[in-house]
Amino acid sequence: MKALPLKTYMFHYLRNSQTNSLKNLHYFDSDKFFNFVKKYKDKILTKNNIETLIHSENKTLLDRNILLTFDDGLKDHFDEAYKTLNNFGLSGIFFINSNSIMTRQMDDVHKIHFLYGSIGWQMLSNIFSQTAAEFSISLEDYYDYENAYSSYPLDNKNIALVKYAINYKLEADLNKKIIDTIFSNFSENYIQSSFYLSKEEIAEMDRNDMVFGYHGHEHIPFASLNKVELEKSIKEQDIFFKELNICNNKVVSFPYGDETSYNIENLNVLKKLKINLA
């Protein structure tokens, strides 16, 4: 039987519009997700299909051709994605950042998500520029006009420039200082540990045929890491999977995911580490 073209749908936040407290956060409505899965339950890949896709040279997936993936190891993925998929006997690939799950502390990228979800991108971009100036940093020095506009085409130009500077251009230590300063002013009553999957939830998902993959030990663009740093990141995730006795399928989703988030050197490292699919 001829394989159908594979369609991949990637999700981050899955939330109920009535209970979501971060009103400016970009998310996919959980009821719509349930209805989507129900409608396409005969097309969405099972665990066996996913393992064939990752490991077999024969990529024939019979009549199933919809792959669902979930990035960042978020609590939403247990509460909404896993419970819905498990209800229909289906599966997806969950790409997790192990550091945030181990430490129960939010990665910088998710602190940014929390902040824009709370106050909106326009206000956050203004506060970020002002806070950077307090550290004697001119954010404009980090603007990358071409890549910012192509990476964030749906944002207005100023917000796109700020987002790209935060995610790609600012030195890590400076970026963290600014983000932590702003975050401390808005997160007094927020419980960071509730943001991510727990080890127990991951183990349950694994037992019930969900598939896990690499998304970096920390949520950092692979292109910003040298060969040694990227190898260390992947190996730290290997240790995490082994400690939880999670099946390691050697599949990667690049943090941020656009064409500037990885490079040829990264691909060579992944090939050396015998990654099956990226």
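Some remarks on the packing of aromatic side chains
Here's step 1: Scanning all chains against the criterion turns up 25 aromatic pairs.
Here's step 2: Among the aromatic side chains, those forming a connected cluster through ring pairs are Phe 11, Phe 28, Phe 33, Phe 70, Phe 94 and Phe 212.
Here's step 3: In this arrangement the basic side chain of Lys 157 is found over the ring face of Tyr 149, its NZ or CZ atom lying 5.4 Å from the centre.

Things to note about the pattern of salt bridges
Pairing is possible between side chains of opposite charge, provided their charged atoms come close.
Here's step 1: This model, assessed by the stated rule, comprises 13 salt bridges.
Here's step 2: In this structure, the salt-bridge partner of Glu 231 is Lys 272, at a minimum N-O distance of 2.8 Å. With a gap of 41 residues between them, Glu 231 in helix α11 (residues 227-243) and Lys 272 in helix α12 (residues 264-272) connect regions that are remote in the sequence.

Regarding the sheet that holds strand β6 (residues 211-214)
Here's step 1: Read from one edge of the open sheet, four strands run β1-β4-β5-β6, paired in parallel fashion. Only two strands of the sheet have a single neighbouring strand rather than two, namely β1 (7-11) and β6. Sheet twist, expressed as the average angle between the axes of neighbouring strands with direction ignored, equals 25 degrees.
Here's step 2: Bridging between strand β5 (residues 93-96) and β6 involves four bridges; their strand directions are parallel. Among the inter-strand pairings, Ile 93 is bridged to a residue of β6, identified as Val 211.
Here's step 3: Across the sheet, helix α1 (residues 30-39) lies against β1 and β4 (66-71), angled at about 155 degrees from β4, the strand it touches most.

Regarding the environment of Asn 99
Here's step 1: With respect to the helices, strands and loops of the structure, Asn 99 is situated in helix α4 (residues 98-103).
Here's step 2: Separated by 51 residues in sequence, Asn 99 and Ser 150 have C-alpha atoms that sit 29 Å apart.

Comments concerning the side chain of His 110
Here's step 1: The topology assignment puts His 110 in helix α5 (residues 108-119).
Here's step 2: The exposure class assigned to His 110 is buried, which follows from its relative accessible area of 0%.
Here's step 3: With sequence-adjacent residues up to four places away left out, His 110 is seen in contact with Tyr 13, Asp 72, Leu 74, Asn 97, Phe 195 and Tyr 196.

About the cut-offs
Residues numbered from 1 in each chain as written. Predicted model: local features only at pLDDT ≥ 70, side-chain atom pairs only at ≥ 80, totals over all residues. Heavy atoms only, no water. Phe/Tyr/Trp six-rings, centres within 6.5 Å; stacked < 30°, edge-to-face > 60°. Lys NZ or Arg CZ within 6 Å of the ring centre and 35° of its normal. Salt bridge = Lys/Arg side-chain N within 4 Å of Asp/Glu carboxyl O. Helix = DSSP H or I, 4+ residues; strand = E, 2+ residues; numbered from the N terminus. Pairing = 2+ DSSP bridges. Axes fitted to C-alpha atoms, helices over the stretch in contact; angles between N-to-C directions. Contact = heavy atoms within 4.5 Å. Buried < 20%, exposed > 50% of the residue type's maximum accessible area, 1.4 Å probe, protein only.

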